[in-house]
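So the chains spell out like this:
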2 protein chains.
Amino acid sequence: MVKINIIGTGNVATHLLKAFAGKAETVSVNPHTMEGFDSSADFSIIAVSDNAIREVADAIPPTDGIIAHTSGTTPADILVFKGIRTGVFYPLQTFSKNLELDYSHIPFFVESNDPSTQDSLAGLASKISDSVTIADSDKRKALHVASVFACNFANHMWTIADKILHDNGMDFEVLRPLLSETLRKTQSIPPAAAQTGPAARNDSKTIDSHMEFLGNDENIAKLYSMITSSIINTSKHP
Amino acid sequence: MVKINIIGTGNVATHLLKAFAGKAETVSVNPHTMEGFDSSADFSIIAVSDNAIREVADAIPPTDGIIAHTSGTTPADILVFKGIRTGVFYPLQTFSKNLELDYSHIPFFVESNDPSTQDSLAGLASKISDSVTIADSDKRKALHVASVFACNFANHMWTIADKILHDNGMDFEVLRPLLSETLRKTQSIPPAAAQTGPAARNDSKTIDSHMEFLGNDENIAKLYSMITSSIINTSKHP
(Lines give C-alpha, C1' and ligand atoms only; values in the text may rest on other atoms or scores of the structure.)
Protein backbone atom coordinates (compact mmCIF):
# COMPACT_ATOMS: atom_id res chain seq x y z
CA MET A 1 0.00 0.00 0.00
CA VAL A 2 1.18 3.50 -0.82
CA LYS A 3 2.44 5.37 2.23
CA ILE A 4 1.75 9.12 2.66
CA ASN A 5 2.84 11.74 5.18
CA ILE A 6 0.02 14.30 5.45
CA ILE A 7 1.73 17.35 6.93
CA GLY A 8 -0.72 19.83 8.49
CA THR A 9 -3.59 20.09 10.95
CA GLY A 10 -6.08 22.24 9.01
CA ASN A 11 -9.19 21.42 6.96
CA VAL A 12 -7.35 20.16 3.87
CA ALA A 13 -5.05 17.87 5.89
CA THR A 14 -7.99 16.50 7.87
CA HIS A 15 -9.96 15.72 4.70
CA LEU A 16 -6.97 14.15 2.90
CA LEU A 17 -6.52 11.78 5.84
CA LYS A 18 -10.20 10.83 5.56
CA ALA A 19 -10.10 10.57 1.77
CA PHE A 20 -7.18 8.12 1.78
CA ALA A 21 -8.58 5.95 4.58
CA GLY A 22 -8.45 2.35 3.32
CA LYS A 23 -6.73 3.45 0.09
CA ALA A 24 -3.29 4.33 1.41
CA GLU A 25 -1.31 4.13 4.61
CA THR A 26 -1.38 7.67 5.99
CA VAL A 27 0.55 9.38 8.75
CA SER A 28 -0.67 12.66 10.23
CA VAL A 29 2.40 14.86 10.67
CA ASN A 30 2.61 17.92 12.90
CA PRO A 31 3.95 20.74 10.67
CA HIS A 32 5.75 22.46 13.55
CA THR A 33 7.66 19.50 14.98
CA MET A 34 7.52 16.99 12.08
CA GLU A 35 6.46 14.51 14.75
CA GLY A 36 5.27 11.30 13.09
CA PHE A 37 7.12 11.93 9.82
CA ASP A 38 7.97 8.68 8.01
CA SER A 39 11.06 9.09 5.80
CA SER A 40 10.22 5.90 3.91
CA ALA A 41 6.83 7.23 2.76
CA ASP A 42 6.13 7.41 -1.01
CA PHE A 43 4.59 10.86 -0.71
CA SER A 44 4.78 13.80 1.69
CA ILE A 45 1.86 16.19 1.17
CA ILE A 46 2.26 19.67 2.64
CA ALA A 47 -1.26 20.87 3.49
CA VAL A 48 -0.60 24.17 5.27
CA SER A 49 -1.42 27.82 4.50
CA ASP A 50 0.43 29.36 1.55
CA ASN A 51 2.55 31.59 3.79
CA ALA A 52 3.93 28.56 5.65
CA ILE A 53 4.72 26.18 2.76
CA ARG A 54 8.35 27.25 2.32
CA GLU A 55 9.17 27.01 6.03
CA VAL A 56 7.44 23.64 6.44
CA ALA A 57 9.20 22.26 3.35
CA ASP A 58 12.51 23.41 4.82
CA ALA A 59 11.85 21.39 7.98
CA ILE A 60 11.00 18.15 6.17
CA PRO A 61 13.63 15.48 7.02
CA PRO A 62 15.49 13.75 4.18
CA THR A 63 13.19 11.43 2.20
CA ASP A 64 13.25 9.62 -1.15
CA GLY A 65 9.51 10.12 -1.51
CA ILE A 66 7.73 12.76 -3.58
CA ILE A 67 7.03 16.09 -1.83
CA ALA A 68 4.02 18.15 -2.95
CA HIS A 69 1.96 21.08 -1.67
CA THR A 70 -1.83 21.55 -1.97
CA SER A 71 -1.98 25.27 -2.77
CA GLY A 72 -3.90 26.74 -5.70
CA THR A 73 -1.77 29.85 -5.96
CA THR A 74 1.78 28.82 -4.97
CA PRO A 75 4.03 27.90 -7.93
CA ALA A 76 5.31 24.34 -8.24
CA ASP A 77 8.93 25.49 -8.19
CA ILE A 78 8.77 26.65 -4.57
CA LEU A 79 9.65 23.04 -3.66
CA VAL A 80 12.44 22.50 -6.18
CA PHE A 81 15.08 23.23 -3.53
CA LYS A 82 13.99 19.90 -1.98
CA GLY A 83 14.84 18.00 -5.21
CA ILE A 84 13.22 17.25 -8.55
CA ARG A 85 10.68 14.77 -7.13
CA THR A 86 8.45 17.65 -6.03
CA GLY A 87 5.17 19.12 -7.27
CA VAL A 88 1.61 20.19 -6.62
CA PHE A 89 -1.40 18.19 -5.48
CA TYR A 90 -4.29 20.69 -5.56
CA PRO A 91 -7.89 19.69 -4.74
CA LEU A 92 -10.45 22.23 -6.00
CA GLN A 93 -12.92 22.19 -3.14
CA THR A 94 -14.01 24.08 -0.03
CA PHE A 95 -13.19 22.04 3.05
CA SER A 96 -14.92 22.40 6.40
CA LYS A 97 -13.79 20.23 9.24
CA ASN A 98 -17.08 18.71 10.28
CA LEU A 99 -18.75 18.18 6.90
CA GLU A 100 -18.47 14.85 5.11
CA LEU A 101 -17.52 14.95 1.42
CA ASP A 102 -17.72 12.63 -1.56
CA TYR A 103 -14.06 12.82 -2.55
CA SER A 104 -14.58 11.05 -5.88
CA HIS A 105 -16.20 14.22 -7.27
CA ILE A 106 -13.43 16.61 -6.25
CA PRO A 107 -11.30 17.73 -9.23
CA PHE A 108 -7.56 17.36 -8.52
CA PHE A 109 -4.94 19.36 -10.41
CA VAL A 110 -1.38 18.08 -10.31
CA GLU A 111 1.90 19.47 -11.61
CA SER A 112 5.61 18.71 -11.51
CA ASN A 113 8.65 19.75 -13.52
CA ASP A 114 9.58 16.06 -13.49
CA PRO A 115 7.35 13.96 -15.79
CA SER A 116 7.56 10.76 -13.74
CA THR A 117 6.76 12.65 -10.53
CA GLN A 118 3.81 14.25 -12.32
CA ASP A 119 2.54 10.79 -13.31
CA SER A 120 2.92 9.56 -9.74
CA LEU A 121 0.97 12.54 -8.37
CA ALA A 122 -1.78 11.96 -10.95
CA GLY A 123 -1.88 8.29 -9.96
CA LEU A 124 -2.15 9.22 -6.29
CA ALA A 125 -5.04 11.63 -7.00
CA SER A 126 -6.86 9.00 -9.08
CA LYS A 127 -6.95 6.73 -6.01
CA ILE A 128 -9.55 9.07 -4.50
CA SER A 129 -10.95 11.17 -7.35
CA ASP A 130 -12.57 10.54 -10.75
CA SER A 131 -11.34 13.92 -12.02
CA VAL A 132 -7.56 14.39 -12.27
CA THR A 133 -6.00 17.00 -14.54
CA ILE A 134 -2.44 18.14 -15.23
CA ALA A 135 -2.38 21.94 -14.89
CA ASP A 136 0.54 24.32 -14.88
CA SER A 137 0.90 27.03 -12.22
CA ASP A 138 -0.80 29.74 -14.33
CA LYS A 139 -3.83 27.57 -15.03
CA ARG A 140 -3.99 26.56 -11.39
CA LYS A 141 -3.87 30.21 -10.29
CA ALA A 142 -6.74 31.05 -12.68
CA LEU A 143 -8.68 28.15 -11.18
CA HIS A 144 -8.01 29.40 -7.67
CA VAL A 145 -9.02 33.00 -8.44
CA ALA A 146 -12.17 31.74 -10.18
CA SER A 147 -13.00 29.57 -7.19
CA VAL A 148 -12.53 32.52 -4.83
CA PHE A 149 -15.24 34.38 -6.79
CA ALA A 150 -17.46 31.32 -7.20
CA CYS A 151 -17.23 30.05 -3.63
CA ASN A 152 -15.76 32.54 -1.16
CA PHE A 153 -17.27 35.70 -2.66
CA ALA A 154 -20.67 34.11 -3.35
CA ASN A 155 -20.67 32.98 0.29
CA HIS A 156 -19.93 36.55 1.38
CA MET A 157 -22.99 37.72 -0.58
CA TRP A 158 -25.01 35.27 1.52
CA THR A 159 -23.39 36.60 4.71
CA ILE A 160 -24.52 40.10 3.77
CA ALA A 161 -28.04 38.86 2.90
CA ASP A 162 -28.13 37.13 6.30
CA LYS A 163 -27.14 40.39 8.03
CA ILE A 164 -29.80 42.44 6.18
CA LEU A 165 -32.50 39.92 7.09
CA HIS A 166 -31.34 39.69 10.70
CA ASP A 167 -31.26 43.51 11.02
CA ASN A 168 -34.89 43.49 9.86
CA GLY A 169 -36.13 40.75 12.16
CA MET A 170 -36.02 37.93 9.63
CA ASP A 171 -34.11 34.71 9.18
CA PHE A 172 -31.79 33.41 6.44
CA GLU A 173 -34.07 30.34 6.19
CA VAL A 174 -36.54 32.37 4.12
CA LEU A 175 -33.97 32.52 1.30
CA ARG A 176 -33.41 28.75 1.02
CA PRO A 177 -35.80 28.11 -1.90
CA LEU A 178 -34.30 31.10 -3.74
CA LEU A 179 -30.77 29.85 -3.13
CA SER A 180 -31.56 26.32 -4.29
CA GLU A 181 -33.17 27.63 -7.47
CA THR A 182 -30.27 30.06 -8.05
CA LEU A 183 -27.80 27.19 -7.97
CA ARG A 184 -30.06 24.85 -9.95
CA LYS A 185 -30.26 27.47 -12.72
CA THR A 186 -26.49 27.59 -13.16
CA GLN A 187 -26.57 23.84 -13.68
CA SER A 188 -28.60 24.18 -16.85
CA ILE A 189 -27.66 27.63 -18.22
CA PRO A 190 -24.41 29.66 -18.12
CA PRO A 191 -24.37 32.16 -15.22
CA ALA A 192 -24.34 35.19 -17.54
CA ALA A 193 -27.59 33.96 -19.11
CA ALA A 194 -29.07 33.15 -15.70
CA GLN A 195 -28.57 36.72 -14.45
CA THR A 196 -31.83 38.31 -13.24
CA GLY A 197 -32.69 41.21 -10.92
CA PRO A 198 -32.79 45.00 -10.99
CA ALA A 199 -29.23 45.41 -12.30
CA ALA A 200 -29.70 42.93 -15.16
CA ARG A 201 -32.78 44.82 -16.35
CA ASN A 202 -31.20 48.20 -15.49
CA ASP A 203 -34.19 49.02 -13.28
CA SER A 204 -32.95 52.36 -11.94
CA LYS A 205 -36.02 52.96 -9.79
CA THR A 206 -35.47 49.76 -7.79
CA ILE A 207 -31.68 50.27 -7.65
CA ASP A 208 -32.13 53.80 -6.25
CA SER A 209 -34.64 52.56 -3.73
CA HIS A 210 -32.25 49.79 -2.58
CA MET A 211 -29.34 52.25 -2.32
CA GLU A 212 -31.50 54.52 -0.16
CA PHE A 213 -32.46 51.53 1.99
CA LEU A 214 -28.78 50.65 2.50
CA GLY A 215 -27.81 54.26 3.20
CA ASN A 216 -26.76 53.62 6.80
CA ASP A 217 -24.33 50.83 5.99
CA GLU A 218 -21.56 52.38 3.91
CA ASN A 219 -19.70 49.12 3.22
CA ILE A 220 -22.76 47.21 2.04
CA ALA A 221 -24.04 50.19 0.02
CA LYS A 222 -20.66 50.47 -1.75
CA LEU A 223 -20.68 46.77 -2.60
CA TYR A 224 -24.28 47.04 -3.86
CA SER A 225 -23.37 49.97 -6.10
CA MET A 226 -20.19 48.41 -7.48
CA ILE A 227 -21.61 44.95 -8.20
CA THR A 228 -24.71 46.53 -9.75
CA SER A 229 -22.48 48.57 -12.11
CA SER A 230 -20.51 45.46 -12.97
CA ILE A 231 -23.69 43.55 -13.83
CA ILE A 232 -24.99 46.44 -15.96
CA ASN A 233 -21.66 46.59 -17.85
CA THR A 234 -21.54 42.81 -18.30
CA SER A 235 -25.12 42.74 -19.59
CA LYS A 236 -24.26 45.45 -22.11
CA HIS A 237 -21.16 43.66 -23.40
CA PRO A 238 -21.86 39.97 -22.84
CA MET B 1 -63.23 28.64 -9.07
CA VAL B 2 -61.35 31.85 -8.32
CA LYS B 3 -60.79 33.98 -11.40
CA ILE B 4 -57.49 35.92 -11.90
CA ASN B 5 -56.24 38.42 -14.48
CA ILE B 6 -52.47 37.96 -14.75
CA ILE B 7 -51.27 41.21 -16.30
CA GLY B 8 -47.83 40.97 -17.89
CA THR B 9 -45.76 38.93 -20.31
CA GLY B 10 -42.50 38.50 -18.37
CA ASN B 11 -41.06 35.67 -16.28
CA VAL B 12 -43.20 36.29 -13.19
CA ALA B 13 -46.45 36.46 -15.19
CA THR B 14 -45.55 33.31 -17.13
CA HIS B 15 -44.84 31.38 -13.93
CA LEU B 16 -47.97 32.64 -12.13
CA LEU B 17 -50.07 31.36 -15.03
CA LYS B 18 -48.38 27.95 -14.69
CA ALA B 19 -48.61 27.95 -10.90
CA PHE B 20 -52.37 28.55 -10.91
CA ALA B 21 -53.11 26.01 -13.65
CA GLY B 22 -55.89 23.77 -12.34
CA LYS B 23 -56.18 25.83 -9.14
CA ALA B 24 -57.78 29.00 -10.52
CA GLU B 25 -59.28 30.30 -13.74
CA THR B 26 -56.57 32.53 -15.16
CA VAL B 27 -56.56 35.07 -17.97
CA SER B 28 -53.29 36.26 -19.51
CA VAL B 29 -53.66 40.03 -20.01
CA ASN B 30 -51.48 42.14 -22.29
CA PRO B 31 -50.21 45.04 -20.12
CA HIS B 32 -50.12 47.49 -23.03
CA THR B 33 -53.63 46.96 -24.45
CA MET B 34 -55.43 45.26 -21.52
CA GLU B 35 -56.60 42.78 -24.12
CA GLY B 36 -58.24 39.82 -22.42
CA PHE B 37 -58.94 41.68 -19.15
CA ASP B 38 -61.94 40.21 -17.30
CA SER B 39 -63.64 42.86 -15.13
CA SER B 40 -65.51 40.17 -13.19
CA ALA B 41 -62.26 38.48 -12.02
CA ASP B 42 -61.65 38.17 -8.26
CA PHE B 43 -58.02 39.26 -8.59
CA SER B 44 -55.95 41.29 -11.03
CA ILE B 45 -52.23 40.68 -10.52
CA ILE B 46 -49.87 43.23 -12.05
CA ALA B 47 -46.66 41.33 -12.89
CA VAL B 48 -44.61 43.97 -14.73
CA SER B 49 -41.32 45.77 -14.00
CA ASP B 50 -41.36 48.24 -11.10
CA ASN B 51 -41.08 51.24 -13.40
CA ALA B 52 -44.29 50.28 -15.23
CA ILE B 53 -46.57 49.35 -12.31
CA ARG B 54 -48.15 52.80 -11.92
CA GLU B 55 -48.91 53.19 -15.63
CA VAL B 56 -50.31 49.67 -15.98
CA ALA B 57 -52.49 50.15 -12.88
CA ASP B 58 -53.81 53.38 -14.40
CA ALA B 59 -54.91 51.50 -17.53
CA ILE B 60 -56.79 48.75 -15.65
CA PRO B 61 -60.53 48.96 -16.49
CA PRO B 62 -63.05 49.29 -13.63
CA THR B 63 -63.26 46.06 -11.59
CA ASP B 64 -64.66 44.99 -8.23
CA GLY B 65 -61.80 42.50 -7.84
CA ILE B 66 -58.65 42.94 -5.78
CA ILE B 67 -55.69 44.56 -7.57
CA ALA B 68 -52.14 43.65 -6.46
CA HIS B 69 -48.60 44.00 -7.76
CA THR B 70 -45.76 41.46 -7.43
CA SER B 71 -42.86 43.81 -6.68
CA GLY B 72 -40.47 43.38 -3.77
CA THR B 73 -39.53 47.02 -3.57
CA THR B 74 -42.64 49.01 -4.60
CA PRO B 75 -44.79 50.17 -1.64
CA ALA B 76 -48.30 48.79 -1.30
CA ASP B 77 -49.82 52.28 -1.40
CA ILE B 78 -48.85 52.85 -5.04
CA LEU B 79 -52.16 51.13 -5.90
CA VAL B 80 -54.39 52.92 -3.39
CA PHE B 81 -55.60 55.35 -6.09
CA LYS B 82 -57.40 52.30 -7.57
CA GLY B 83 -59.36 51.76 -4.32
CA ILE B 84 -58.87 50.12 -0.94
CA ARG B 85 -59.06 46.55 -2.29
CA THR B 86 -55.43 46.73 -3.41
CA GLY B 87 -52.17 45.27 -2.18
CA VAL B 88 -49.02 43.26 -2.80
CA PHE B 89 -48.55 39.63 -3.87
CA TYR B 90 -44.77 39.11 -3.79
CA PRO B 91 -43.15 35.73 -4.56
CA LEU B 92 -39.55 35.49 -3.32
CA GLN B 93 -37.99 33.55 -6.16
CA THR B 94 -35.86 33.91 -9.29
CA PHE B 95 -37.94 33.12 -12.34
CA SER B 96 -36.56 31.99 -15.68
CA LYS B 97 -38.97 31.36 -18.48
CA ASN B 98 -37.95 27.86 -19.47
CA LEU B 99 -37.24 26.32 -16.07
CA GLU B 100 -39.95 24.41 -14.21
CA LEU B 101 -40.45 25.23 -10.53
CA ASP B 102 -42.04 23.62 -7.51
CA TYR B 103 -44.30 26.54 -6.57
CA SER B 104 -45.27 25.04 -3.21
CA HIS B 105 -41.82 25.92 -1.84
CA ILE B 106 -41.83 29.56 -2.95
CA PRO B 107 -42.36 31.96 -0.01
CA PHE B 108 -45.09 34.52 -0.75
CA PHE B 109 -45.31 37.85 1.08
CA VAL B 110 -48.62 39.69 0.96
CA GLU B 111 -49.73 43.10 2.20
CA SER B 112 -52.72 45.39 2.09
CA ASN B 113 -53.93 48.41 4.04
CA ASP B 114 -57.33 46.69 4.06
CA PRO B 115 -57.41 43.65 6.42
CA SER B 116 -60.00 41.69 4.43
CA THR B 117 -58.05 42.27 1.19
CA GLN B 118 -54.91 41.11 2.97
CA ASP B 119 -56.68 37.91 4.04
CA SER B 120 -57.86 37.32 0.48
CA LEU B 121 -54.34 37.78 -0.92
CA ALA B 122 -52.97 35.37 1.71
CA GLY B 123 -55.67 32.87 0.77
CA LEU B 124 -54.81 33.21 -2.91
CA ALA B 125 -51.09 32.62 -2.21
CA SER B 126 -51.87 29.56 -0.08
CA LYS B 127 -53.53 27.94 -3.10
CA ILE B 128 -50.07 27.50 -4.63
CA SER B 129 -47.55 27.88 -1.78
CA ASP B 130 -46.95 26.31 1.63
CA SER B 131 -45.19 29.46 2.85
CA VAL B 132 -47.32 32.63 3.05
CA THR B 133 -46.38 35.57 5.27
CA ILE B 134 -47.86 39.03 5.89
CA ALA B 135 -45.02 41.55 5.47
CA ASP B 136 -45.15 45.34 5.40
CA SER B 137 -43.36 47.31 2.69
CA ASP B 138 -40.19 47.87 4.77
CA LYS B 139 -39.82 44.18 5.54
CA ARG B 140 -40.50 43.31 1.91
CA LYS B 141 -37.83 45.77 0.76
CA ALA B 142 -35.29 44.22 3.16
CA LEU B 143 -36.22 40.81 1.73
CA HIS B 144 -35.75 42.07 -1.80
CA VAL B 145 -32.35 43.68 -1.10
CA ALA B 146 -31.22 40.51 0.70
CA SER B 147 -32.33 38.40 -2.24
CA VAL B 148 -30.44 40.67 -4.67
CA PHE B 149 -27.24 39.88 -2.72
CA ALA B 150 -28.08 36.20 -2.23
CA CYS B 151 -29.21 35.46 -5.77
CA ASN B 152 -28.33 38.17 -8.31
CA PHE B 153 -24.95 39.14 -6.86
CA ALA B 154 -23.91 35.53 -6.11
CA ASN B 155 -24.78 34.71 -9.72
CA HIS B 156 -22.60 37.61 -10.89
CA MET B 157 -19.68 36.11 -8.93
CA TRP B 158 -20.21 32.93 -10.96
CA THR B 159 -20.32 34.96 -14.18
CA ILE B 160 -16.91 36.44 -13.30
CA ALA B 161 -15.54 32.99 -12.39
CA ASP B 162 -16.82 31.72 -15.74
CA LYS B 163 -15.03 34.57 -17.55
CA ILE B 164 -11.72 33.97 -15.72
CA LEU B 165 -11.84 30.26 -16.56
CA HIS B 166 -12.83 30.90 -20.17
CA ASP B 167 -10.01 33.47 -20.58
CA ASN B 168 -7.61 30.74 -19.39
CA GLY B 169 -8.89 27.96 -21.61
CA MET B 170 -11.06 26.22 -19.02
CA ASP B 171 -14.73 25.57 -18.51
CA PHE B 172 -17.21 26.50 -15.77
CA GLU B 173 -18.03 22.78 -15.43
CA VAL B 174 -14.86 22.29 -13.39
CA LEU B 175 -16.38 24.39 -10.59
CA ARG B 176 -19.61 22.36 -10.25
CA PRO B 177 -18.48 20.18 -7.29
CA LEU B 178 -17.19 23.30 -5.52
CA LEU B 179 -20.49 25.14 -6.13
CA SER B 180 -22.59 22.24 -4.90
CA GLU B 181 -20.52 21.97 -1.74
CA THR B 182 -20.58 25.76 -1.23
CA LEU B 183 -24.38 25.73 -1.26
CA ARG B 184 -24.63 22.54 0.78
CA LYS B 185 -22.50 24.17 3.49
CA THR B 186 -24.89 27.09 3.89
CA GLN B 187 -27.65 24.58 4.50
CA SER B 188 -26.00 23.32 7.67
CA ILE B 189 -24.02 26.31 8.97
CA PRO B 190 -24.65 30.10 8.79
CA PRO B 191 -22.82 31.73 5.85
CA ALA B 192 -20.54 33.80 8.11
CA ALA B 193 -19.31 30.57 9.74
CA ALA B 194 -18.97 28.86 6.34
CA GLN B 195 -16.60 31.54 5.03
CA THR B 196 -13.30 30.10 3.81
CA GLY B 197 -10.60 31.33 1.43
CA PRO B 198 -7.66 33.74 1.43
CA ALA B 199 -9.69 36.73 2.69
CA ALA B 200 -11.20 34.80 5.60
CA ARG B 201 -7.75 33.75 6.79
CA ASN B 202 -6.25 37.14 5.85
CA ASP B 203 -3.68 35.38 3.65
CA SER B 204 -2.00 38.47 2.23
CA LYS B 205 0.46 36.51 0.08
CA THR B 206 -2.32 34.79 -1.85
CA ILE B 207 -4.45 37.96 -2.03
CA ASP B 208 -1.51 39.93 -3.50
CA SER B 209 -0.82 37.16 -5.99
CA HIS B 210 -4.47 37.13 -7.09
CA MET B 211 -4.56 40.93 -7.44
CA GLU B 212 -1.45 40.76 -9.61
CA PHE B 213 -3.08 38.02 -11.69
CA LEU B 214 -6.18 40.20 -12.21
CA GLY B 215 -4.12 43.30 -12.99
CA ASN B 216 -5.30 43.58 -16.59
CA ASP B 217 -8.99 43.60 -15.76
CA GLU B 218 -9.63 46.73 -13.71
CA ASN B 219 -13.31 46.02 -12.99
CA ILE B 220 -12.73 42.48 -11.74
CA ALA B 221 -9.62 43.52 -9.77
CA LYS B 222 -11.61 46.29 -8.03
CA LEU B 223 -14.37 43.85 -7.12
CA TYR B 224 -11.78 41.35 -5.83
CA SER B 225 -10.16 44.00 -3.66
CA MET B 226 -13.42 45.41 -2.28
CA ILE B 227 -15.08 42.07 -1.48
CA THR B 228 -11.83 40.82 0.07
CA SER B 229 -11.74 43.88 2.38
CA SER B 230 -15.37 43.35 3.26
CA ILE B 231 -14.71 39.70 4.21
CA ILE B 232 -11.66 40.68 6.28
CA ASN B 233 -13.71 43.32 8.12
CA THR B 234 -16.63 40.94 8.67
CA SER B 235 -14.33 38.22 9.99
CA LYS B 236 -12.81 40.72 12.45
CA HIS B 237 -16.20 41.91 13.73
CA PRO B 238 -18.53 38.95 13.21
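(A) Geometry of the environment of Val110 of chain A. All names here are of chain A. Residue placement: Val110 occurs in strand β6 (residues 108-111). A C-alpha to C-alpha distance of 13 Å links Val110 and Lys127, two positions 17 residues apart in sequence. Beyond its immediate chain neighbours, meaning those up to four positions away, Val110 contacts Val88, Phe89, Gln118, Leu121, Ala122, Ala125, Thr133, Ile134 and Ala135.

(B) The arrangement of the relation of the copies chain A and chain B in detail. Expressed as a screw operation, the relation of chain A to chain B combines 0.0 Å of axial shift with a rotation of 180 degrees, fitting to an RMSD of 0.0 Å. In the structure described here, the two chain copies are related by an operation that fits a two-fold rotation axis. For chain A, the residue whose C-alpha comes nearest the rotation axis is Ala154 of chain A, separated from it by 2.2 Å. When the interface residues of chain A are mapped onto chain B, 100% of them are again interface residues, pointing to one common binding face.

(C) How the structure looks around the nonpolar core. Counting residues in each nonpolar core, the largest one holds 80 residues, and the members touching the most others are Phe149 and Leu175 of chain A together with Phe149 and Leu175 of chain B. Of all the secondary-structure elements, those providing two or more residues to this core are β5 (86-91), α4 (137-167), α5 (176-186) and α8 (218-236) of chain A together with β5 (86-91), α4 (137-167), α5 (176-186) and α8 (218-236) of chain B.

(D) Region of the structure containing the interface of chain A and chain B. With 86 residues of chain A at the contact, the number on the chain B side is 87 residues. Here chain A and chain B share an interface that buries about 8300 Å² over both sides, 69% of which is from carbon and sulfur atoms. Our enumeration of links across chain A and chain B arrives at zero salt bridges. Our count for the chain A to chain B interface comes out at 30 residue pairs in polar contact (both at pLDDT 80 or more). Of all the secondary-structure elements, those providing two or more residues to the side of chain A that touches chain B are α4, α5, α6 (191-194), α7 (204-213) and α8 of chain A. When residues in the side of chain A that touches chain B are grouped by element, the largest group, 26 residues, is from α4 of chain A. Among the residues forming the side of chain A that touches chain B, the class breakdown is 43 nonpolar, 29 polar and 14 charged.

(E) Highlighting the sheet that holds strand β4 (residues 66-69) of chain A. All names here are of chain A. Pairing is mixed across the open sheet formed by seven strands, whose spatial order is β2-β1-β3-β4-β5-β6-β7. This sheet does not close on itself; its edge strands, each paired only once, are β2 (25-29) and β7 (132-134). Each strand of the sheet is rotated relative to its neighbour by a mean of 25 degrees, with strand direction disregarded. In terms of strand pairing, strand β3 (residues 43-46) meets β4 through four bridges, oriented parallel.

Rules used in this analysis
The numbering scheme is per chain: residues are counted from 1 as the chain's sequence reads. Chain letters and ligand numbers both follow the written order, the letters beginning at A and the numbers at 1. Totals for whole chains, interfaces and linings use all residues, but because this is a predicted model, local features are given only for residues with pLDDT of at least 70 and pairs of side-chain atoms are given and counted only at 80 or more. To get the side-chain values, all heavy atoms of the structure are used, and hydrogens and water are removed first. Going along the chain from the N terminus, every DSSP run of H or I of four or more residues is numbered as a helix, and every run of E of two or more is numbered as a strand. Contact between two residues is taken to exist if any of their heavy atoms lie within 4.5 Å; hydrogens are not considered. Copy-to-copy alignment: least squares on C-alpha atoms, limited to residues at pLDDT 70 or above in both. Residue types Ala, Val, Leu, Ile, Met, Phe, Trp, Tyr and Cys, when buried and joined through side-chain atoms within 4.5 Å, form a set referred to as a nonpolar core. For each residue, the accessible area found with a 1.4 Å probe, counting protein chains only, is set against the maximum for its type, and the residue is called buried under 20%, exposed over 50%, and partly exposed in between. Defined in terms of a 1.4 Å probe, buried area is the accessible area two parts forfeit on being brought together, summed over both. By salt bridge we mean one thing: a side-chain nitrogen of Lys or Arg within 4 Å of a carboxyl oxygen of Asp or Glu. We define a polar contact as two N or O atoms separated by no more than 3.5 Å, with the added condition that, inside protein, one atom must be a possible hydrogen donor and the other a possible acceptor, whereas residues neighbouring each other in sequence contribute only through side-chain atom pairs. Ten residue types, Ala, Val, Leu, Ile, Met, Phe, Trp, Tyr, Cys and Pro, are classed as nonpolar, four, Asp, Glu, Lys and Arg, as charged, and the remainder, Gly among them, as polar. Two strands make a pair as long as DSSP finds a minimum of two bridges between them. Note on method: axes are straight lines fitted to C-alpha atoms, helices fitted across the in-contact stretch only, with angles between N-to-C directions ranging 0 to 180 degrees.

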